[in-house]
Amino acid sequence: MDFLLGWRVFPLLTLLASFLFFFYMKTSSKPSNSECSLLPHDRFWILSNNIVTPTGVISGAVEVRGGNIISVVNKENQQWKIKSNVVDYGDAVVMPGLIDVHAHIDEPGRTEWEGFSSGTKAAAAGGITTLIDMPLNSYPSTVSEETLKLKVDAAEDKIYVDVGFWGGLVPDNAFNRSALEGLLKAGVLGLKSFMCPSGINDFPMTNASHIKEGLNVLAKYKRPLLVHAEVELDSESDFEATDGINDARSYSTYLKTRPPSWEEAAIRELLTVTKDTRTGGPSEGSHVHIVHLSDTRASLDMIKGGKSSGDSLSVETCPHYLAFSSEEIQDGDTRMKCSPPIRDSANRERLWDALMEGHIDMLSSDHSPTVPELKCFDEGDFLKAWGGISSLQYVLPVTWSYGRKYGITLNQLASWWSERPAKLASQDFKGSIVSGNHADIVVWEPDTEFELDDNHTAYHKNPSISAYMGKRLSGKVLATFVRGNLVFIRLAEVCKDGENVCQVCLLSPEDVAESMHICN
């Protein structure tokens, strides 16, 4: 069953498309070829023996013109007539660009954590073609029309992929319908709330009453509410380390401070209002999306029950919950701290089962970076360190590398990272390689391995804090196209500085044409 069954997805408002989605440092969403593209053609063909389409993987070609996909042709089709401007990727995978619906780009206010320039370069290098920015960790948080404008102004002239924004649902605006409607009319794609303290002073937590009010407003605009589903329980919120700093260096100490019961309590409370989203309910037309699910015990069962009852409900998890387990985390390795926490290996296996069986709908990065000092590397104190996994550039190879053990397919990968996120964010012209969609495409080699070490060029502001550093992964991104424009290429032979990763929009079209075997 489609996770959005019964939830009507409206196309983006014209204002939203032109005002909030940036394209190559322009405040325009026109799908025309940009002067920044590394290809010198407005019309061209992408060839591959492995093109991921909604109906399966084909050997054929994708025709691109004016930033859109004009046709997708199987090589066995009798209409196979391709004459010029051909980019042949051989056996590399050609897949819809990833859509990350959960990333924290901390500009304005905390650009030293991550900014639009570094964050969207990392996205492009990782095959992400659309990024939806969360309303908190920047300063001020995006909770009003005024603060949304600050976000838009901060992003101008700094981005390399399409960018959209979620707004914040907080106690200050939850009961102010005109304020929420103003934020939605200004173009946010939906709202986000926390059911526990967020760690950000100007983004306080909400309860079921706030959420119910938010859903009533969202129903009119057919947009989702994203919820961080953890609730502090009084009996479990007063945990203190009992062995001083050495105890705080143990991941098990941190794990005890955020038990699965927090997620379970939040989801139980959330289901008291999601029933309003059913057909005929007072909030019909709204949708609740639970972000970064970690617990697979009662939490997952309750979500499954809500869906089967007709609640308009979906859920995501993140690659770090699928890649790591609590038993593996070394003392003091605060790169691994996030909330909800990474749980044990048995829980990880159940997450994979739920994802493969379709009970978890999609994946997101929850890219939540900071400066190295706030990770408390010197102390290794899990209780003091900032919680968040830095991962934006790596989510495609991480998902593929760890998922091959479970037999994931290219079509599943496209569903989790492209098709379903596009629906959640109401991006009707993104998420799949079909005629009429934006030509948002990632090209990658699933069998090529690489080390995430100091020799690997990373575009994150602070790459050293990533939990994936030191890992060997498979799945190297070769190229990323956003609306038909080649914004990233990874070809050592055309780099001027000897690096394996080329600066976005650094190479000349002539260099790229020569190296990519473009036939005119």
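Residues numbered from 1 in each chain as written. Predicted model: local features only at pLDDT ≥ 70, side-chain atom pairs only at ≥ 80, totals over all residues. Heavy atoms only, no water.

**Student:** What's the story with the overall build of the protein in this structure? I'm lost.
**Tutor:** Along the protein, the regular secondary structure elements total 15 helices and 17 strands. When the accessible surface of the protein is split by element, carbon and sulfur atoms take 47% of a total near 18900 Å². (Helix = DSSP H or I, 4+ residues; strand = E, 2+ residues; numbered from the N terminus. Areas by Shrake-Rupley, 256 points an atom, 1.4 Å probe, with all protein chains shown as cover.)

**Student:** It is not clear to me how the layout of surface pockets should be interpreted in this structure. Could you clarify?
**Tutor:** Rolled over the atoms, a probe as big as a water molecule pinpoints where empty space is left. Of the voids in this model, the largest pocket is the one considered here, and its volume is about 570 Å³. Lining the largest pocket we find 29 residues, and of these Pro197, Ser198, Arg258, Ser339 and Gly387 sit closest to its centre. (1 Å grid on protein atoms, 1.4 Å probe; cavity = no way out; pocket = protein on both sides within 12 Å on 5 of 7 lines; lining within 4 Å. Points joined across faces, edges and corners; volume = space filled by probe spheres on them.)

**Student:** Hey, could you run me through the pairing of strand β1 (residues 43-53) in this one?
**Tutor:** The side chains of a regular strand alternate, residue by residue, between the two faces of the sheet. Counting buried positions along β1 gives eight out of eleven residues, so the element sits mostly inside the fold. Inspection of the sheet shows β1 paired to strand β2 (residues 56-65) by nine bridges, in the antiparallel sense. Of the residues in β2, the one forming a bridge with Trp45 is Glu63. Between the antiparallel neighbours β1 and β2 lie two residues. Bridge analysis of β1 against strand β4 (residues 86-88) gives three bridges, and the strand direction is parallel. Bridging across to β4, Trp45 finds its partner in Val86. Bridge analysis of β1 against strand β5 (residues 93-96) gives two bridges, and the strand direction is parallel. Looking at β5, one finds that Ile51 is bridged to Val94. (Buried < 20%, exposed > 50% of the residue type's maximum accessible area, 1.4 Å probe, protein only. Pairing = 2+ DSSP bridges.)

**Student:** Can you walk me through the packing of aromatic side chains in this structure?
**Tutor:** Two aromatic rings are characterised by how far apart their centres lie and by the angle between their planes. All chains considered together, the criterion is met by ten aromatic pairs. With 5.3 Å between their ring centres and 80° between their planes, Trp400 and Trp444 make a pair best called edge-to-face. Of this pair, Trp400 sits in helix α13 (residues 395-403) while Trp444 sits in strand β15 (residues 441-451), and the two are 44 residues apart along the sequence. Residue Trp444 is classed as buried on the basis of its relative accessible area of 0%. These aromatic residues form a ring-pair network of at least three members: Tyr251, Tyr254 and Phe382. Note that Arg110 overlies the ring of Trp113, its terminal NZ or CZ placed 5.3 Å from the centroid. (Phe/Tyr/Trp six-rings, centres within 6.5 Å; stacked < 30°, edge-to-face > 60°. Lys NZ or Arg CZ within 6 Å of the ring centre and 35° of its normal.)

**Student:** I keep staring at the nonpolar core and nothing clicks. Help me out?
**Tutor:** Nonpolar side chains in soluble globular proteins tend to end up buried together. In terms of nonpolar packing, the biggest core is built from 98 residues, with Met95, Leu191 and Trp444 touching the most fellow members. Among residues more than four places away in sequence, those in contact with Trp444 are Ala92, Val93, Met95, Leu396, Trp400, Leu410, Leu413, Gly475, Lys476, Val477 and Leu478. Leu39, Ile51, Leu478 and Ala479 belong to the second largest nonpolar core, which has 22 residues in total. (Core = buried A, V, L, I, M, F, W, Y, C linked by side-chain atoms within 4.5 Å. Contact = heavy atoms within 4.5 Å.)

**Student:** I would appreciate a short explanation of the side chain of Thr257 in the present structure.
**Tutor:** Along the polypeptide, Thr257 turns up in helix α8 (residues 251-257). Since its relative accessible area comes to 15%, Thr257 is described here as buried.

**Student:** Quick question: what am I supposed to make of the sheet that holds strand β7 (residues 128-133) here?
**Tutor:** Note: strands within a sheet are paired through backbone hydrogen bonds, in either parallel or antiparallel orientation. Read across the open sheet, the three strands follow the order β6-β7-β8; overall the sheet is parallel. Every interior strand has two partners, whereas the edge strands, β6 (98-103) and β8 (162-165), have only one. Each strand of the sheet is rotated relative to its neighbour by a mean of 20°, with strand direction disregarded. With four bridges connecting them, β7 and β8 associate as parallel partners. The partner of Leu131 across the bridge, within β8, is Val163. (Axes fitted to C-alpha atoms, helices over the stretch in contact; angles between N-to-C directions.)

**Student:** Is there a simple way to explain the pattern of salt bridges in this structure?
**Tutor:** Where charged atoms of side chains with opposite charge meet at close range, the side chains can pair. Across all of its chains, the model carries 23 salt bridges by this definition. Between Asp153 and Lys149 there is a salt bridge whose closest N-O contact spans 2.8 Å. In this pair, Asp153 and Lys149 both sit in helix α3 (residues 145-155), four residues apart, roughly one turn of the helix. The class for Asp153 is partly exposed, based on a relative accessible area of 40%. On the accessibility criterion, Lys149 (47% relative accessible area) is partly exposed. The partner of Lys307 in a salt bridge is Asp361, with the nearest N and O atoms 2.9 Å apart. (Salt bridge = Lys/Arg side-chain N within 4 Å of Asp/Glu carboxyl O.)

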